[in-house]
Amino acid sequence: MRVSYQWLSELVADLPPVDEVVRALTMGGLEVESVERPALTYGDTLVIARIADMKQHPNADRLTLCHVDDGSSVRDVVCGARNMKAGDTVVLARPGCELPGGVHIKAARLRGVESQGMLCSASELGLPQDRDGILILESALKPGEAAAPLLGLEDAVLEVAITPNRGDCLSMRGIAREVSALCRVPLRPLPKAGASVSNAAAVRVTIEARDRCALYRGAVVRGIAVTPSPTWLRTRLAGAGLRSINNVVDVTNFVLLELGQPLHAFDLALVAGPEIRVRLARAGERLRTLDERDLELDADDLVIADARVPVALAGVMGGHESAVSAATREILLEAAVFHPGGVRRTSRRHTIVTDSSYRFERGVDATAVESALARAAAMLGDIAGGRVDDAIAGDGIAPTSGARIRLRSSRVPRVIGTAVTPKEIESVLDALGCTVSAVGEDPTFDVLVPGHRTDLEREIDLIEEVARVRGYESIPAVLPDMPMLPVRVSATEKAARDLRSLLTASGLSEHLAMTFATAADNRRFPGLHDAPEAVRLLNPVRAGEDELRRSVLPSLASAVAVNVAASQSRIDLFQIGSTFARRGDLVEQRSVLGIVLCGPRPGRRLGRLEQPAFGDLKGVVEKVLALLAPAATMRFVASSARGEYHPRSCATVQVGEAVVGHLGKLHPDIAEELEITEEIFLAEIDYPEVVEYSPRHQGLRPIPRFPSSTRDVSLLVPRQTPANAAVEVVERLEDPCIESIVVFDEYSGAGIAQEEKALGYTIVYRAADRTLTDAEVSALHEKVLDVLIEQLRARVRT
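Residues numbered from 1 in each chain as written. Predicted model: local features only at pLDDT ≥ 70, side-chain atom pairs only at ≥ 80, totals over all residues. Heavy atoms only, no water.

Engineer: When you look at the sheet that holds strand 26 (residues 404-408) in this model, what are you seeing that I'm missing?
Structural biologist: Working definition: the strands of a sheet are paired by backbone hydrogen bonds and lie parallel or antiparallel to each other. Pairing within the open sheet is antiparallel, and its 3 strands lie in the order 26-28-27. Each of the sheet's edge strands pairs with one partner strand only, and the pair in question is strand 26 and strand 27 (435-439). Neighbour-to-neighbour, the strand axes of the sheet open up by a mean angle of 25°, direction not taken into account. Strand direction decides the pairing type here: strand 26 and strand 28 (residues 444-448), joined by 5 bridges, are antiparallel. For R404, the partnering residue across the bridge sits in strand 28 and is L448. Across the sheet, helix 12 (residues 459-470) touches strand 26 and strand 28, and the angle it forms with strand 26 is around 65°. (Pairing = 2+ DSSP bridges. Helix = DSSP H or I, 4+ residues; strand = E, 2+ residues; numbered from the N terminus. Axes fitted to C-alpha atoms, helices over the stretch in contact; angles between N-to-C directions. Contact = heavy atoms within 4.5 Å.)

Encoded structure:
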């Protein structure tokens, strides 16, 4: 908001210097973003003057010789403009004056005639120009009076950032109240103006939508003359960034800037009835606004209607058909209180933001509606010659104050963090315009908040005001007393943190994605939920993504597709996130880990690149399970029931007796739908479920003191035998000297019968109390081979 320092000085007595006002407002929470200071000081070199006489220049057809009275003498001034006449009041720049743009005025001979100054246009003074030629002022101004203060040329303008909760500061009076409270200087009283609401008013007012309009008042002003506004009014509006329209509209804008109450003027002759109905729009109704836009109204739009049709969009903009014009002689002046949320919706719906809607959206002072209306009516009487009807039309009851709040004085220092006496508290609240009375010995204050402070609703709001007005800088900087309590991290949070470290160290990158999905994604990837339905969104962020995801795999697959299209070769990703499903009225949420592998990686032989295989993904999952539940038994069971995986390359993951996830190769049909040409392997693990199998306390095992012995064996087994079957057989032996068995190869093809395949295993033998001899290792190895041959119907490949 643009705040004129000169205007502010008329509202606040003993106004401090500009810099002090800037600091006080900024420290009080209203940041002053910039200050426009006057570029020039004019003194008596720029004055009001009156053209006493004028005639044609004797030596130039296009120049005029004016005899100008500047209050002390009559000067000859040569001028090239033609819009002035004898008797006009103008602005004279005397010799020695410096104008904006570096123009220096001095006495000079023009075509043989000496010119002792210059008559100024608005543009030459750096003012908004609404017409060409010399600036003509009203005749009431006296020659010799300094022109710069009148035209606002020596005024400093503050650009103040108003926070959304401080709608009361969107006016000069509101800023003046803040300066008065923060700087402890008195406010000047506004002109007194009264208004009385009567059923005998010339216009009948009815509020039909009372939840959207709490109060409506209308005053009829008769006998007005619509003319250009006086100079001081045009200057005030220009300083605030508003252009002058005519005296009637300018008065409504002036009161909006001064008091923060939006007003609107209707041409009374164009209001049918005359009657005002504050109601919701009806189907098919249209309205042409002041900016000549034709709007199709919505049933949620609040309108001001006459007996026939809407004449204004309530709180936003007036209608074109009832606008004030040069022919207007009687007006209906409107002041009201509209619901902020309703005005906001209407403004956004029709993409119309006005000074009125900006203020109504933040809340206006309902207690000041009638005084603002009376202020505008009185100004119209002075400026436009209007006569105000005694009876004011209206509906709704005007409140007399804001909220009533109890404030415990003992709580104030505890919240602020510094000593504050009850007397100081009362002084601050008085400065803010509150009515304060003490109750009890504490004391507790009964605080009646003024109507303009709609943001003060609770005790804590008043405490904040005490801290703000006293000055945040007065609160001492003290290190807080913060006991160091042990940080308790849940097992699931710790698991997620450990997984990130493990998978990142393993060469995977974390992928982050929103939790939204399309219906097609949830159909392709149903996830780990048993619940049958997806959770639909009432207000989706993006078109099509109208469900919460059931699985994290769709976003991982999409990320692969994007990276492949960008010519990225190896794409190994993981994602830790939540998935959702609906079971009746309940929503089930699960935290899951998703993994995807795609693209070439180092092969078994040096320098060779290979595409990922099922075993690569299984190895990553084994790392995850070993991290989360090192003592639990894990199993991978072949499965063909999952529609998102290839039926011959899919397995369920079991820990103990529970199924905790799935892994496999993406189904070719889904890959084709997603336009993924590369082979990708995916896994989804319910890692919080795995954590349940982790021991509460994990012991340490010493590093083996004695060496191990390794034996490799290649077995020919039936083609359908899973590679992990041999591992399970050996583990069931529970021999303490068998340390591990690992699959290192699987082969079928030349040299192998069609119904068989070759599996290669490495078996490590070690004793905890001695070094095993070759004879012992060989005997144990033969025992293991006998068991494998018997239980797997295998034979040793030679």
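Engineer: Explain the sheet that holds strand 4 (residues 64-69) here, please?
Structural biologist: Judged by pairing direction, the sheet is antiparallel, and its 5 strands sit side by side in the order 5-4-3-6-11 without closing on themselves. At either margin of the open sheet sits one strand with a lone partner, and together these are strand 5 (74-79) and strand 11 (118-119). Relative to strand 6 (residues 89-93), strand 3 (residues 46-56) is paired through 5 bridges, and the arrangement is antiparallel. Opposite I48, over in strand 6, you have V91 as the bridge partner.

Engineer: Where do I start with the pattern of salt bridges in this structure?
Structural biologist: Side-chain pairs of opposite charge can arise whenever the charged atoms involved come near each other. For the coordinates displayed, the defined rule picks out 58 salt bridges. The partner of D300 in a salt bridge is R345, and the shortest N-O contact between them spans 2.8 Å. In this pair, D300 sits in the loop between strand 19 (294-296) and strand 20 (302-305) while R345 sits in helix 7 (residues 340-349), placing the two residues 45 residues apart along the sequence. A residue is classified by how much of its surface remains accessible, and D300, at 21% relative accessible area, is partly exposed. Residue classification places R345 among the partly exposed positions, given a relative accessible area of 39%. (Salt bridge = Lys/Arg side-chain N within 4 Å of Asp/Glu carboxyl O. Buried < 20%, exposed > 50% of the residue type's maximum accessible area, 1.4 Å probe, protein only.)

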